[in-house]
Amino acid sequence: MNRKNALAAGVAATLALGSVTMVATQSTAAPRPTAAAGASAARPGAGFRAVTAEVRSEAIRTAGRNAAATARELGLGSDERLVAKDVLIDADGSRHVRYDRTYRGLSVIGGDLVVHLAQDGTITGSDLAHQGAIRIAGTTPKLTAADASAKAVKHARHVKKAKAGSKDSTLVVYAVGKIPVLAYRSTVTGEGETGPTSREAVIVDATSGTPLDQYELHQSATGTGNGVTVGQVSIETTQTAGGYTLTDAAHGGTIVYDSYNSPQSNPRQNARAFSRTTNSWGNGTSSSRESAAVDASYGLAKTWDYYKNSFNRSGIRNDGRGAPAYVHVDTGLLNAFYDDNCFCMYFGDGSSQNGNTPVTAVDVAGHEMSHGVTAATANLTYSGESGGLNEATSDIFGSMVEFSAGNAGDPGDYYIGEKLNMSGGYMRRMDNPAADGRSLSCWNSGAGSADVHLSSGIGNHFFYLAAEGTGAKTIGGRSHNGTTCNNDTFTGIGKDKAAAVWYRALTTYMTSATNYAGARTATLQAAADLYGTNSQERYLVSKAWAAVSVGTALPDPGTGTPTPSPTTPTPSPTTPPGGNALANGSFEQGTSGWTQSDSIITNSSLQTARDGSWYAWMMGYGADAVESLSQPSVAVPSTGAPKLTFWLKVSTQESGSTAYDTLKINVNGTTLATYSNANAGSGYVQKTVDLSAYKGQTVKLGFAGTEDTYLSTIFLLDGIAIG
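Predicted, not measured: the structure shown is a model, and the values here were computed from it.

Trainee: Give a detailed account of the nonpolar core, specifying residues and quantitative values.
Mentor: Counting 119 residues, the largest nonpolar core has Phe397, Phe463, Leu629, Leu644, Phe646, Phe703 and Leu717 as the members making the most contacts within it. Once you skip the residues sitting within four places of it in the chain, phenylalanine 463 turns out to touch Ile396, Met400, Tyr414, Met430, Lys495, Ala498 and Ala499. One finds Ile60, Ala67, Val97 and Val115 within the second-largest nonpolar core, a separate group that totals 19 residues.

Following this line, the structure appears as structure tokens:
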């Protein structure tokens, strides 16, 4: 079985007995079946079942016992191990098992995966952040940990006056790109958006020291200001011998502490639990240190209730445990953040920029606690497009918590941080992210390079449109206007359904490396699970993605008529005879228009595009492998002498003129040209293929790569056109 194209949709695992049996296999590259052909009904039992902490723990232990057999059947290597992280159980008994990966004892960044099992234990599909087995040359680094720390300090871009010691660097396998590499993950400390002790993760190649990724470790709602009290509310407390404490036994024993302005580097340094002799807390202003604690306790309880009532989720990690919260952190801190290392949340007091308003609004509490839910599930990497999705997830559920809370003083809306006394009136707007002059409302090829708080606008905009549709309306007393990037108009499915789709996509199908194209795939699958393959809900989800320039809308299940696709920036696949008859030949719209067998289309910094940021990276494994990239319906011009042109860069470890690894250009299954390792060169070279025999026809264009067992060859494609 090829390790990339048949990754195990075929294990039979009786979880209760801990047995694993091989059954018929299929490629995970194929669309996951969700219903019989032509059926529109939702999959019965797709909602999550409420489980006790004991049942969940036993399910995770069972998944751990099955991990070795599952890894073998997934085609993973003998040096890899799967570590069970979580199990979600549907109402019909189906299970979704989330694993992390190690390689020779090293953590694999981007190695996480989800295995989907039917009630009888048969695997129905899998979602892998990195497809296939991990293969690297060795685990002995050329750089020492001290060398890596020095490189990390040099390359840190989120903090100033950075510093890191040898103990701050850990050897890992970095598998976010196409080819896994041995790397160091370093924690760098310095001055940044979260204050003088901000932390940043910097990942460098363990051989060359080349930076591979960097991202903030404190996942914050904002760096510019927030905080407001919630008014007179009821909160859960615990009576003690001497009075009361802000311990919420009804929500996992969540405790709110006064940090007493402890530094961000150690918010618990001076911390003490809030206590008093009477059960009346705060005075509604920041003159009482208890007021911010009331806000935090109320917001976290409402967040817990939302997840429990909506998705049967008991707390951040679904284990019934509450995460401690610390208010009054540091001095002049215009921020709040969740820290997965301590499983806790920190809230600052604001600064003169926002009238020293504590950073404890309901949507802020929901936002930060939702970062914990993301960390416990998809664990979306906090950089690039996945980082934008991470932030969007917290904005989405922060807003949903605000709606769910039903607080008359802070009614639900799609403004983020509107009660924070900000100079602009809010932090972000989901209906019109670009209104702040910085956030992205529409996807573009530079989205992965934008700050995650700005690229989150794409996901926020999608969610608003999916929930509310287009047009002007007033929500929570505030003006909203659902505009689109393709001038389309449509109705929404409602915020509760949209949130259910996003939650199922996050917890069941997304992985740490999911980008916006992957989020579209995940939400369409989730919508199919919940409402049916041919449902209006799934159709409108696709329209909402198309409206933010991510993919195209599905055919209307009511009429079968395709709906408008993005007019900007996605080109039409059927342009006049003299133009480009391909869709997205530059790849600058990501995967739009293309079908790929693996994660071929990329903007990875490990290779370079000829133009723009995106390109197609085929092969390069140094092992038996095949890959394909195609467009199914390409209109060849009917006049002139039509030809296919594209830019190709070939680099190889092979030597000589023998063709060991090949790239074939196929039209309707016929090979018209072949390139190989023998065509290796230092840069991109334009290639031309005659298409006169297909003049005026609609054809399937394909690129097929094949690699043998020894030594790697990489084929890079860009600027593909037919004219």
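Now that the structure is up, let's keep going.
Trainee: Summarise unusual backbone geometry; cite the residues concerned and give the values.
Mentor: Backbone phi values are negative for most residues with the exception of glycine, while trans is the configuration of most peptide bonds. Its identity is not glycine, yet arginine 104 carries a phi of approximately 50 degrees, on the positive side. With respect to the helices and strands, the residue arginine 104 is situated in the loop between β4 (95-103) and β5 (106-109). Look at arginine 104 and you get partly exposed, because its relative accessible area is 44%. Phi angles above zero are rare outside glycine, and asparagine 379 is one such case at about 55 degrees. Relative to the helices and strands, asparagine 379 is located in the loop between α5 (362-376) and α6 (384-405).

Trainee: Can you tell me about the sheet that holds strand β15 (residues 243-245), naming the residues and giving the values?
Mentor: Taken in spatial order, the 3 strands of this open sheet run β14-β15-β19, and their pairing is antiparallel. Each end of this open sheet is capped by a strand with a single partner; those strands are β14 (238-240) and β19 (275-276). Strand direction decides the pairing type here: β14 and β15, joined by 3 bridges, are antiparallel. Bridge pairing links threonine 238 to threonine 245 in β15.

Trainee: An account of the state of the cysteines is needed here, citing residue identities and associated values.
Mentor: According to the stated counting rule, one finds 2 disulfides in the structure shown. Through a disulfide, cysteine 342 is tied to cysteine 344; the S-S separation comes to 1.7 Å. Because the torsion about its S-S bond is -65 degrees, the bridge between cysteine 342 and cysteine 344 counts as left-handed. Looking at cysteine 344, the relative accessible area reads 1%, which means it is buried. In this model, cysteine 442 is linked to cysteine 485 through a disulfide, with the two sulfur atoms separated by 1.8 Å. The S-S bond linking cysteine 442 to cysteine 485 shows a torsion near -95 degrees; that makes this disulfide left-handed. Here cysteine 485 lies in the loop between β26 (478-482) and α8 (495-509) and cysteine 442 lies in the loop between β24 (428-429) and α7 (452-468), a separation of 43 residues in the sequence. According to the relative accessible area criterion, cysteine 442 is partly exposed, its value standing at 27%. Given a relative accessible area of 12%, cysteine 485 falls into the buried group.

Trainee: Help me get a handle on the packing of aromatic side chains, residues and values and all.
Mentor: Tallied over the entire structure, the rule returns 24 aromatic pairs. Centre to centre, the rings of phenylalanine 311 and tyrosine 503 are 4.0 Å apart; their planes meet at 5 degrees, and the pair counts as stacked. Linking phenylalanine 311 in helix α4 (residues 289-311) with tyrosine 503 in helix α8, this pair joins segments that are 192 residues apart in sequence. In terms of burial, phenylalanine 311 and tyrosine 503 fall into one category: buried. Centroid distance tyrosine 516 to tryptophan 545: 6.3 Å. Interplanar angle 65 degrees. Geometry classified as edge-to-face. Linking tyrosine 516 in helix α9 (residues 516-531) with tryptophan 545 in helix α10 (residues 536-546), this pair joins segments that are 29 residues apart in sequence. Comparing tyrosine 516 with tryptophan 545, the two get one shared label, buried. Cluster of aromatic residues (ring-pair linked, three or more members): Phe48, Tyr306, Tyr307, Phe311, Phe397 and Tyr503. The ring of tryptophan 647 carries the charged tip of arginine 610 above its face, separated from the ring centre by 3.5 Å.

Trainee: Break down the packing of α6 against α8 for me, citing the residues and quoting the values.
Mentor: The interhelical angle for the contact between α6 and α8, taken along N-to-C directions, is 140 degrees, at an axis separation of 11 Å. Judged by the angle between their axes, α6 and α8 are oblique. Note on packing geometry: the crossing formed by α6 with α8 is left-handed. Mapping the contact onto sequence places Leu389, Thr393, Ile396, Phe397, Met400 and Phe403 in α6 and Lys495, Asp496, Ala499, Trp502, Tyr503 and Leu506 in α8. The residue makeup of the contact of α6 with α8, split by class, is 9 nonpolar, 1 polar and 2 charged.

Trainee: Report on the pairing of strand β31 (residues 643-652), specifying residues and quantitative values.
Mentor: Within a regular strand, the side chains alternate between the two sheet faces. Counting buried positions along β31 gives 7 out of 10 residues, so the element sits mostly inside the fold. Strand direction decides the pairing type here: β31 and strand β34 (residues 685-690), joined by 6 bridges, are antiparallel. In the sheet register, leucine 648 faces β34, and the bridge partner there is valine 685. Judged from the 8 bridges that link them, β31 and strand β36 (residues 713-722) form a sheet pairing that is antiparallel. If you follow serine 651 over to β36, its bridge partner there is isoleucine 714.

Trainee: Explain α4 residue by residue, including any values.
Mentor: Structurally, the α-helix is built with 3.6 residues per turn, so residues lying three or four positions apart point the same way. Over its 23 residues, α4 runs 34 Å from end to end, which matches the ideal 33 Å to within 8%, given 1.5 Å per residue. Of all 23 residues that make up α4, 17 are buried, and the element is covered over most of its length. In the stretch just after α4, asparagine 312 is the one whose phi turns positive, near 60 degrees.

Trainee: Could you give an account of the pattern of salt bridges, naming the residues involved and the relevant values?
Mentor: Evaluated as defined, the whole model comprises 19 salt bridges. Of the charged contacts in the structure, one is a salt bridge between arginine 56 and aspartate 86, with a shortest N-O distance of 3.1 Å. Of the two residues, arginine 56 sits in helix α1 (residues 53-65) while aspartate 86 sits in strand β3 (residues 80-89), which places them 30 residues apart along the sequence. The exposure class of arginine 56 is buried, given its relative accessible area of 10%. Given a relative accessible area of 3%, aspartate 86 falls into the buried group. Between arginine 429 and aspartate 431 there is a salt bridge, and its shortest N-O distance comes to 2.7 Å. Given the relative accessible area of 15%, arginine 429 is considered buried. Note on aspartate 431: relative accessible area 0%, which makes it buried. Counted as one network, the salt bridges with shared partners bring together Glu58, Arg61 and Arg65.

Trainee: I'd like a description of the pairing of strand β9 (residues 169-174), backed by residues and values.
Mentor: Burial within β9 is extensive, with 5 of its 6 residues counted as buried. Here 2 bridges tie β5 to β9, and the two strands are oriented parallel to one another. What sits directly across from isoleucine 109, in β9, is tyrosine 174.

Trainee: Would you mind going over empty space enclosed by the protein in detail, with residue names and values included?
Mentor: The final tally for this structure, using the stated rule, is 7 cavities of 30 Å³ or more. If you add up the space inside the largest cavity, you get close to 60 Å³. Together, Phe48, Arg49, Val51, Val87, Leu88, Ile89, Phe311, Asn312, Arg313, Asn318 and Tyr503 line the largest cavity. If you tally residues by element for the lining of the largest cavity, the top one is β3, at 3 residues. Split by residue class, the lining of the largest cavity holds 7 nonpolar, 2 polar and 2 charged.

Trainee: Go over the layout of surface pockets with me, naming the residues and quoting the values.
Mentor: Taken as a whole, the second largest pocket encloses approximately 1,100 Å³ of empty space. What lines the second largest pocket is a set of 40 residues, and nearest its centre among them are Arg185, Tyr215, Asp340, Asn341 and Asn379. When contributions to the lining of the second largest pocket are tallied by element, the ones reaching two or more residues are β3, β4, β5, β9, β10 (181-192), β12 (211-216), β21 (336-339) and α5. If one sorts the elements of the lining of the second largest pocket by residue count, α5 sits on top with 4 residues. Among the residues making up the lining of the second largest pocket, the classes are represented as 12 nonpolar, 14 polar and 14 charged.

Calculation criteria
Residues numbered from 1 in each chain as written. Predicted model: local features only at pLDDT ≥ 70, side-chain atom pairs only at ≥ 80, totals over all residues. Heavy atoms only, no water. Core = buried A, V, L, I, M, F, W, Y, C linked by side-chain atoms within 4.5 Å. Buried < 20%, exposed > 50% of the residue type's maximum accessible area, 1.4 Å probe, protein only. Contact = heavy atoms within 4.5 Å. Helix = DSSP H or I, 4+ residues; strand = E, 2+ residues; numbered from the N terminus. Pairing = 2+ DSSP bridges. Disulfide = S-S within 2.5 Å. Phe/Tyr/Trp six-rings, centres within 6.5 Å; stacked < 30°, edge-to-face > 60°. Lys NZ or Arg CZ within 6 Å of the ring centre and 35° of its normal. Axes fitted to C-alpha atoms, helices over the stretch in contact; angles between N-to-C directions. Parallel < 35°, antiparallel > 145°, perpendicular 65-115°, else oblique. Left-handed = near helix turned anticlockwise from the far one by under 90°. Nonpolar A, V, L, I, M, F, W, Y, C, P; charged D, E, K, R; others polar. Expected span 1.5 Å × (residues − 1). Salt bridge = Lys/Arg side-chain N within 4 Å of Asp/Glu carboxyl O. 1 Å grid on protein atoms, 1.4 Å probe; cavity = no way out; pocket = protein on both sides within 12 Å on 5 of 7 lines; lining within 4 Å. Points joined across faces, edges and corners; volume = space filled by probe spheres on them.

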